[in-house]
Amino acid sequence: MTPVSLPSQGSMFLGAYRMGASLKDCVVLVHGPSGCHFGPNFFEVLTNNLSSNATISVMRERSVVYGGIENLEKAIRLTRKHYKDKRIIVLSSHVPSIIGDDLEFIDADIYLDCGGFQPMWQGMEAFLEKLGDFICENENREDESTPTHLINLIGFQRDVAGAEEDLAELKRILLSFEAKVKVNVIPDSLESLRYARYASLSVVFGYGVKLARRMEREFGIPYIVTDYPYGVEGLKEFMEKLNENFEFEYDLNNGVFSEIDAKLKRYRNNLPLFYEIPVCVVGDLPRISGMSKFLERELGMNVKLAFATSSALEKFDVSCTKFVSSYNAFMEEIKGLDIKVLLGTDEERKIINNTIVFAFPSFTRMSYVPYLGKGTLNLIADIYERIMEWI
């Protein structure tokens, strides 16, 4: 029997948790029964890229009858005692939302009601939008050094294997072109949010559009929404988008494409092996958008099927023969396809054991190498190995 909500699809609560766990100076306190804490924390810890500081109010039957605020206040006091240098984020799960627990006056730095049946992407959007309160609260705060040439990177998913390496590679590329450019990642820490209002541009990786819109209204910061720039052409389009709103000198052939070209030349006779190979992509919409374009445009593969485990506020183009909107439809479609390479999540390993896991959840993959920028070589190598297994 297929579960109603697969881990890779998740709920609003899981989406908010994914973003909240990325804040290094915070503890995520889940207000709800112990099971609501176990699932998200299990995924975050095993995904290996995040060291998740998380705790729970542990609601029991009595709390459901008489309310869970007393339990929550005790949990907050204990958390402040044991995590003296951390801020507290309270995420209220389904049960407190149903019984009507009012979190407005609790002693937390951030609180968010995540009850209901909204999809995971709405949880990511809602949490990132909530961070706008911190940014606006610091509007009148004077900083000793006001950063210039700053770019906000919003919504970059850091809980996927290899994500920190991808982020480091993007930073390296941006800083190598223009020494004056500075990068502010959201979410990273609540402290870093104080600088967000000084940015010249916000770059939204699918999630965080509402936050970017608010900063545009409040501070006049323009924003662009982008998918993940996999491959040479993907990175080129990404840099061109940036340059339309944030002018700086850059040369992608110097230190990025030149190295990729030089190393691929040794395997140029093998590149036709990729042509028209039937492939499938599964994952968050901004990820599969960038990945599908890379597979078809740059490797000449045939993306037969695509499924987005989590949608997004903005529209994204997915280059594929067929795009399905539910996991049940995906399972039915893939039965009739002779897929040779599958790029997806842990869930797809049940279909093809050697799935290239590049999207959440990804705890079955151990990786400390990027797929973006120079990491294009790592991505091509992983795909090449899968192709060679069945030739």
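Keep in mind it's a predicted model, so treat the numbers as computed, not measured.

> Give me the lowdown on the overall build of the chain, citing residues and values where you can.
Within the chain, the secondary structure is distributed over 13 helices and 13 strands. Per-residue burial over the chain gives 55% buried out of 391 residues. By sequence separation, contacts in the chain at least 24 residues apart represent 71% of the contacts at least 6 residues apart. Within the structure as shown, the chain displays about 17400 Å² of accessible surface, and the carbon and sulfur contribution to it stands at 49%.

> Talk me through the side chain of Thr-355; I want residue IDs and the actual numbers.
Within the secondary structure layout, Thr-355 lies in the loop between β12 (341–344) and β13 (356–357). Thr-355 has contacts with Leu-342, Leu-343, Gly-344, Thr-345, Glu-348, Arg-349 and Arg-386, leaving out every residue within four places of it along the chain.

> Can you lay out the pairing of strand β1 (residues 26–31) for me, pointing to particular residues and giving the numbers?
Regular strands place side chains that alternate from one sheet face to the opposite one. With six of its six residues buried, β1 lies for the most part within the structure. Here β1 shows no split at all, with Cys-26, Val-28 and Val-30 on one side and Val-27, Leu-29 and His-31 on the other all buried. As paired elements, β1 and strand β3 (residues 87–92) share six bridges and run parallel to each other. The partner of His-31 across the bridge, within β3, is Ser-92. The pairing of β1 with strand β2 (residues 54–56) spans three bridges and is classified as parallel. Along β2, the bridge assignment pairs Leu-29 with Thr-55.

> Go over the packing of helix α1 (residues 12–20) against helix α6 (residues 120–137), please, and point to the residues and values.
Running from N to C, α1 and α6 point in directions that differ by 45°, and their axes come no closer than 6 Å. On the basis of the axis angle, α1 is oblique to α6. Of the two possible hands of crossing, α1 and α6 adopt the one that is right-handed. Contacts between α1 and α6 involve Met-12, Leu-14, Gly-15, Ala-16, Arg-18, Met-19 and Gly-20 from the former and Met-120, Gln-122, Gly-123, Met-124, Ala-126, Phe-127 and Leu-128 from the latter. Among the residues forming the contact of α1 with α6, the class breakdown is nine nonpolar, four polar and one charged.

> Explain the packing of α6 against helix α8 (residues 209–219) to me, using residue names and the numbers behind them.
Close contact between α6 and α8 brings their axes to 7 Å; oriented N to C, the two are set at 25°. If you check the angle between α6 and α8, you find them roughly parallel. Here α6 contributes Glu-125, Leu-128, Glu-129, Leu-131, Gly-132, Asp-133, Ile-135 and Cys-136 to the contact with α8, which in turn contributes Val-209, Lys-210, Leu-211, Arg-214, Met-215, Glu-218 and Phe-219. Its residues assigned to classes, the contact of α6 with α8 comprises eight nonpolar, one polar and six charged.

Thresholds applied
- Residues numbered from 1 in each chain as written.
- Predicted model: local features only at pLDDT ≥ 70, side-chain atom pairs only at ≥ 80, totals over all residues.
- Heavy atoms only, no water.
- Helix = DSSP H or I, 4+ residues; strand = E, 2+ residues; numbered from the N terminus.
- Buried < 20%, exposed > 50% of the residue type's maximum accessible area, 1.4 Å probe, protein only.
- Contact = heavy atoms within 4.5 Å.
- Areas by Shrake-Rupley, 256 points an atom, 1.4 Å probe, with all protein chains shown as cover.
- Pairing = 2+ DSSP bridges.
- Axes fitted to C-alpha atoms, helices over the stretch in contact; angles between N-to-C directions.
- Parallel < 35°, antiparallel > 145°, perpendicular 65-115°, else oblique.
- Left-handed = near helix turned anticlockwise from the far one by under 90°.
- Nonpolar A, V, L, I, M, F, W, Y, C, P; charged D, E, K, R; others polar.

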